[in-house]
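Below, each chain spelled out in residue letters.
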Amino acid sequence: MRARVFVTLKPSVFDPQGKTIADALHALGYGKVEDVRQGKYFELDLATTEAVQARALASEVADKLLANPVIESYRIEVD
Amino acid sequence: MATFGVIVFPGSNCDHDAYHAAKDVLGQEAEYIWHKDTDLKGADVVILPGGFAHGDYLRCGAMARFSPIMREVAAFAARGGPVLGICNGFQVLLEAGLLPGAMLRNRSLKFQCEHVHVRVEQTDTPFTLACARGQVLRIPIAHGEGNYFADPDVIARLEANRQVIFRYTNAAGELDAAANPNGSASAIAGLCNDARNVVGLMPHPERACESALGSADGLVIFESVVQSLTSGALVARA
């Protein structure tokens, strides 16, 4: 199965890169883009056919390595 | 005579500076310790140097935490051994959980490379023993991710326990938003753990140990740890 892990800065953490991208989009005339948060995206190929197992494994590696819980949170999709 | 153990990760680039400061400037023993080594070669003090360990892949310091030598560093720290993380070494200590918090990109989004002023906030650590409280050191920084972040309750605990060891100030030692080069919370430039034997800081004292290099203000950090080791003095909790 494949797990997709989206890691983003927690809402309480200032994201200077996202802010700069938003400012650039505003300069390009995209005033309707109100805010941008930049993050990281991981695709994990997992040797399992069980969705529950895949999600648990992805969650474990996200906790252990992919995300830093001090500043980041993550979301997982499995298919 | 104290023996400095300088950890070398693939991508470390201030290991020679730290070795030079310990061995040539201070006349102490020094050993390089490769990150795959599993013993600290009898080091009395461990330095995690600046650089870009493991290319800073994923996050600064995230991979270095899994290097075999880090198990020994953690055990040494748990025994009360003095550990100093400088710049990338500080980031490694944060990722390894030996110090609390995390680093964000500099608020400016720029790699900041300049001399800054830091004020010594506490002197009851092995690395600030020979400093005066409130002493202002002029030391260079060179980092892109030195914007210290921790949850407000963690910052409050650091302040209450006097774990903030260095703060960015102006030359007069006053807090000044313009003197905070990266946006760090509470102008934190360096901090220590609960037991006060593990210290991390973003500025580079090892690059400021000889006046020919523009400043010798960093030398006192290394002199402090030599003094704490050779006098056998336990660091008193004030």
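Residues numbered from 1 in each chain as written. Chains lettered and ligands numbered in written order. Predicted model: local features only at pLDDT ≥ 70, side-chain atom pairs only at ≥ 80, totals over all residues.

Caption draft 1: View of the overall build of chain A. For chain A, the count of helices and strands is 2 helices and 3 strands. For chain A, whose C-alpha radius of gyration is 16 Å, the value lies well above the compact-globule estimate of 12 Å for 79 residues. On the principal axes, the C-alpha backbone points of chain A span a range of 45 × 25 × 15 Å. Relative to its full complement of 79 residues, chain A shows a buried share of 14%. Residue pairs at least 24 apart in sequence account for 65% of intrachain contacts in chain A once pairs closer than 6 positions are excluded. (Helix = DSSP H or I, 4+ residues; strand = E, 2+ residues; numbered from the N terminus. Rg over C-alpha atoms; globule rule 2.2 N^0.38 Å. Buried ≥ 20, exposed ≤ 12 C-beta atoms within 10 Å, placed from the backbone. Contact = placed C-beta atoms within 7 Å.)

Caption draft 2: Main features of the overall build of chain B. The helix and strand inventory of chain B stands at 5 helices and 11 strands. On C-alpha atoms alone, chain B measures out to a radius of gyration of 16 Å, which is about the 18 Å that the 2.2 N^0.38 rule sets for 238 residues. Its C-alpha atoms put chain B at 45 × 40 × 35 Å along the principal axes. Counting only residues that meet the buried cut, chain B has 58% of its 238 residues in that class. Considering only contacts within chain B whose residues lie at least 6 apart along the sequence, 77% involve residues at least 24 apart.

Caption draft 3: Up close: helix α1 (residues 15-25) of chain B. Inspection of α1(B) places B:Asp15, B:Asp17, B:Ala18, B:Tyr19, B:Ala21 and B:Ala22 among the buried residues, and these make up the whole buried set. Of the residues flanking the end of α1(B), it is B:Gly27, one or two places downstream, whose phi is positive at about 70 degrees.

Caption draft 4: Quick peek at the interface of chain B and chain A. Listed per partner, the contact involves 10 residues of chain B and 8 residues of chain A. Residues that form the side of chain B that touches chain A fall into these classes: 6 nonpolar, 1 polar and 3 charged. (Nonpolar A, V, L, I, M, F, W, Y, C, P; charged D, E, K, R; others polar.)

Caption draft 5: Up close: unusual backbone geometry. Residue and element names in this part refer to chain B. Notably, Lys 41 is not glycine yet its phi reads approximately 55 degrees, a positive angle. Looking at the secondary structure, you find Lys 41 in the loop between β2 (29-34) and β3 (45-48). For Lys 41, a count of 12 C-beta atoms within 10 Å puts it in the exposed group. Although it is not a glycine, Leu 109 sits at a positive phi angle of roughly 65 degrees. Structurally, the position occupied by Leu 109 is in the loop between β5 (102-104) and β6 (112-120).

Caption draft 6: Fine view of the pairing of strand β4 (residues 83-86) of chain B. All names here are of chain B. The alternating pattern of β4 places Val 83 and Gly 85 on one face and Leu 84 and Ile 86 on the opposite face, and all of these are buried. The pairing of β3 with β4 spans 3 bridges and is parallel. In the strand pairing of β4, Val 46 is matched with Val 83. Between the parallel elements β3 and β4, the chain passes through helix α2 (residues 69-78) in a crossover that is right-handed. The sheet contact formed by β4 and strand β11 (residues 198-201) spans 4 bridges and is parallel. Across the sheet, Leu 84 pairs through a bridge with Val 199, a residue of β11. (Pairing = 2+ DSSP bridges. Right-handed = clockwise from strand over helix to strand, strands pointing away.)

Caption draft 7: Structural detail: the sheet that holds strand β1 (residues 3-8) of chain B. All names here are of chain B. If you walk across this open sheet you meet the 9 strands as β2-β1-β3-β4-β11-β10-β9-β6-β7, and the pairing is mixed. Two strands bound the open sheet, and with one partner strand each, they are β2 and β7 (136-143). In this sheet, adjacent strand axes meet at a mean angle of 25 degrees when their direction is disregarded. Examined bridge by bridge, β1 and β3 share 3 bridges and lie parallel to one another. Paired with Phe 4 across the strands is Val 45, a residue of β3. Helix-sheet contacts for α2 involve β1, β2, β3, β4 and β11, and the interaxial angle to β4 is about 125 degrees. (Axes fitted to C-alpha atoms, helices over the stretch in contact; angles between N-to-C directions.)

Caption draft 8: How the structure looks around the sheet that holds strand β1 (residues 2-9) of chain A. Residues and elements named next belong to chain A. Taking strand neighbours across the sheet as the criterion, the 3 strands line up as β2-β1-β3 in an open arrangement whose pairing is antiparallel. Single-partner strands in this sheet number two, and they are β2 (39-45) and β3 (72-78). Across the sheet, the mean angle separating the axes of adjacent strands is 20 degrees when strand polarity is ignored. The pairing of β1 with β3 spans 7 bridges and is antiparallel. Note on β3: the bridge partner recorded for Thr 8 is Ser 73. Docked against the sheet, helix α2 (residues 51-66) engages β1, β2 and β3, running at close to 160 degrees with respect to β3.

Caption draft 9: Structural view of the environment of B:Ile69. Residue and element names in this part refer to chain B. As for its placement among the helices and strands, Ile 69 is situated in helix α2. Taking the number of C-beta atoms within 10 Å as the measure of exposure, Ile 69 has 23 and is therefore buried. A sequence separation of 36 residues divides Ile 69 from Ile 33, and the C-alpha atoms of the two residues are 8.3 Å apart. Ignoring sequence-local partners within four residues, the contact set of Ile 69 consists of Ile 7, Ile 33, His 35, Asp 37 and Thr 38.

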